[in-house]
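Results of the structural survey
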Amino acid sequence: MSKPLSILAQGVRASTTIEIDSMYKKMKAEGIDVIGFGAGEPDFNTPDNIKLAAIVAINNNFTKYTPSSGTLSLRQAVCDRLFEDCKVSYTPSQIVVSNGAKQCLYLALSVLTNPGDEIIFQAPYWVSYYEMVKMTGGNPVIVETGEESGWKLTPEMLETAITPKTKALILNSPSNPSGVVYTKEELQGLADICVKHDIYVIADDIYYKLIYDGLEFTCIASLGEEIKKLTILINGVSKSYAMTGWRIGYLAAEPEIATVIGNFQSHASSNPNSIAQAAAEEALTGPQSGIETMRRAFEGRRDYFLEKASKIKNIKCIHPHGAFYIMMDVSYYFGKNLYGKRIENADDFANLFLDKGLVALVPCTGFGAPKHVRWSYATSMENIKTGLERLEIFLEG
Ligand SMILES: Cc1ncc(COP(=O)(O)O)c(C=O)c1O
């Protein structure tokens, strides 16, 4: 018998999103007419100017190691974009470019966390926060939110959750899965508490370009020098420029923190892909109009979805103001039978809907929202129409 694997590693759960997605892909490969609403990525193609920049990089043999925190020109491009879009001023020495926002989050948690440190975040939360906090030796402290607070964390809730062991708060606005967008005033309230208790903020701004209803994005680091010093800002090109597969994200932090994170990355993975860095630089410095086209399309789909879903009995959607997900409360069906099968939870609902309704959704059990399933509307209007028609038929049982 071989020696056991690391206890920490064995505690990591597989992502429910990926599980459903692989079942969906298997059914699709078998020729079954199944529709997927699981995807966490824009269904648009990466714009041509970005693809061209990558081709030029290859042709120019830009194919060697780069500085491990990313090329200077890309880090400068990140600073310029953050200054223009988020009203925060950084220098390239404060930026680390990595393999997606996800790895930036992992790096940030790795360098902040001592064993047993508490990391606060709200439920519903993005599934990876929970696992990543555990993977880096921290204790996740989850603050439940609900309809009363608009599915948002309030300064009072945050202050109640803080203990002497609290190290950081993870904030995600716009949020996956709820689509919640925090206002400037709300962020100011949370920032004040973090400054008061000297708590770091990991601000995951990856959906910052995808905001609807005329709302505006606020970056928490823009709210003053004190909170900026405590913030590790996370962003990337995946969602804003339809570049999920290119794997480029970035973080911005105080120079000392960025240096430690850079050192950490240099030994863990060296630099992110050189060609993808060239593409990301073009994304950040080239024409930005494609983002608005994509944002409008998402907003139109969201409106259509909510309008149609509002006519379906016994389900209820959270109205999202950003990102591209809709959380639907299906708890009316818990304890009831559909197709002769008893539905106990959101997992049962999603599995049965995939099997009988041929629609793939993500149960929000892993997102700390066990009454909900998540629909991604990063898919065509036609799919949304058919998906909701299938839901109506499915709910007849
Ligand atoms: C909230 C949130 N943060 C970060 C990421 C990771 O983005 P990236 O593709 O840049 O790693 C995702 C992707 O789904 C996300 O939903």
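Note that the structure is a prediction, hence the values are computed from the model and not measured.

**Brief notes about the site of the ligand**
Taken together, 13 residues are adjacent to the ligand, and A101, D204, Y207, K239 and R247 come closest. Contact between the ligand and N176: an oxygen atom at 2.8 Å from a side-chain N or O atom of the residue. Note that a nitrogen atom of the ligand is positioned 2.6 Å from one of the side-chain N or O atoms of D204. With 3 residues, helix 5 (residues 100-112) is the single largest residue contributor to the shell around the ligand. For the shell around the ligand, the residue count by class is 5 nonpolar, 4 polar and 4 charged.

**Regarding the nonpolar core**
In terms of nonpolar packing, the biggest core is built from 102 residues, with M328, F349 and W375 touching the most fellow members. At 7 residues, helix 5 tops the list of elements feeding residues into this core. Counting the residues that make up this core, at least three belong to each of domain 1 (7-45 + 290-395) and domain 2 (64-286). Other than its neighbours up to four places away in sequence, F349 contacts V330, Y333, I343, V373, L391, F394 and L395. Counting residues in hydrophobic clusters, the runner-up holds 31 residues, among them C79, C219, L233 and Y250.

**Some details on the domain arrangement of the chain**
Entries for the chain in the domain assignment read domain 1 (7-45 + 290-395) and domain 2 (64-286). A separation of 26 Å is found between the C-alpha centroids of domain 1 and domain 2. In this complex, domain 1 contributes 34 residues to the contact, which on the side of domain 2 involves 33 residues. Together, the buried faces of domain 1 and domain 2 total about 2800 Å²; carbon and sulfur atoms form 60% of this surface. On inspection of domain 1 and its partner domain 2, the count reaches 3 salt bridges. Taken together, domain 1 and domain 2 are joined by 17 residue pairs in polar contact (both at pLDDT 80 or more). Element by element, the count of residues in the side of domain 1 that touches domain 2 is highest for helix 12 (residues 289-309), at 6 residues.

**Focus: the side chain of T166**
Secondary-structure assignment places T166 in strand 5 (residues 166-172). On the basis of relative accessible area, T166 is assigned to the buried category, the value being 10%. In terms of polar contacts, T166 uses its side chain to reach the backbone amide nitrogen of T163, at 2.8 Å. Once you skip the residues sitting within four places of it in the chain, T166 turns out to touch E118, I120, A161 and I199.

**Some words on helix 3 (residues 48-59)**
Helix length check: helix 3, at 12 residues, gives a terminal C-alpha distance of 16 Å against a target of 16 Å (1.5 Å per residue), a fit within 8%. Where the residues of helix 3 are buried, they touch helix 11 (274-285). Looking one or two residues past helix 3, N61 carries a phi angle of roughly 60°, positive in sign.

**Things to note about the sheet that holds strand 5**
With mixed pairing, 7 strands are arranged side by side in an open sheet as 2-8-7-6-5-3-4. Strand pairing shows two members of the sheet lacking a second neighbour, strand 2 (95-98) and strand 4 (139-144), which therefore form its edges. Neighbour-to-neighbour, the strand axes of this sheet turn through a mean angle of 20°, independent of strand direction. Here 4 bridges tie strand 7 (residues 231-236) to strand 8 (residues 249-252), and the two strands are oriented antiparallel to one another. Residue pairing in the sheet places L233 in a bridge with A252 of strand 8. Across the sheet, helix 5 is in contact with strand 2, strand 3 (118-123), strand 5, strand 6 (200-204), strand 7 and strand 8; its angle to strand 7 comes to roughly 160°.

**Concerning unusual backbone geometry**
Trans peptide bonds make up the majority, and among non-glycine residues the majority have a negative phi. In this model, A123 is joined to P124 through a cis peptide bond whose omega is 0°. On the secondary structure map, P124 appears in the loop between strand 3 and helix 6 (127-135). Each neighbour pair has its own omega, and for S173 with P174 the value is -10°, a cis peptide bond. Following the sequence through the fold, P174 ends up in the loop between strand 5 and helix 8 (184-197). Phi angles above zero are rare outside glycine, and N314 is one such case at about 70°. With respect to the helices and strands, N314 occurs in the loop between helix 12 and strand 9 (316-317).

The rules behind the values
Residues numbered from 1 in each chain as written. Predicted model: local features only at pLDDT ≥ 70, side-chain atom pairs only at ≥ 80, totals over all residues. Heavy atoms only, no water. Near = heavy atom within 4 Å. Polar contact = N/O pair within 3.5 Å; in protein donor to acceptor, adjacent residues only side chain to side chain. Helix = DSSP H or I, 4+ residues; strand = E, 2+ residues; numbered from the N terminus. Nonpolar A, V, L, I, M, F, W, Y, C, P; charged D, E, K, R; others polar. Core = buried A, V, L, I, M, F, W, Y, C linked by side-chain atoms within 4.5 Å. Buried < 20%, exposed > 50% of the residue type's maximum accessible area, 1.4 Å probe, protein only. Domains from an automatic or database assignment. Contact = heavy atoms within 4.5 Å. Buried area = accessible area lost by both parts, 1.4 Å probe. Salt bridge = Lys/Arg side-chain N within 4 Å of Asp/Glu carboxyl O. Expected span 1.5 Å × (residues − 1). Pairing = 2+ DSSP bridges. Axes fitted to C-alpha atoms, helices over the stretch in contact; angles between N-to-C directions.

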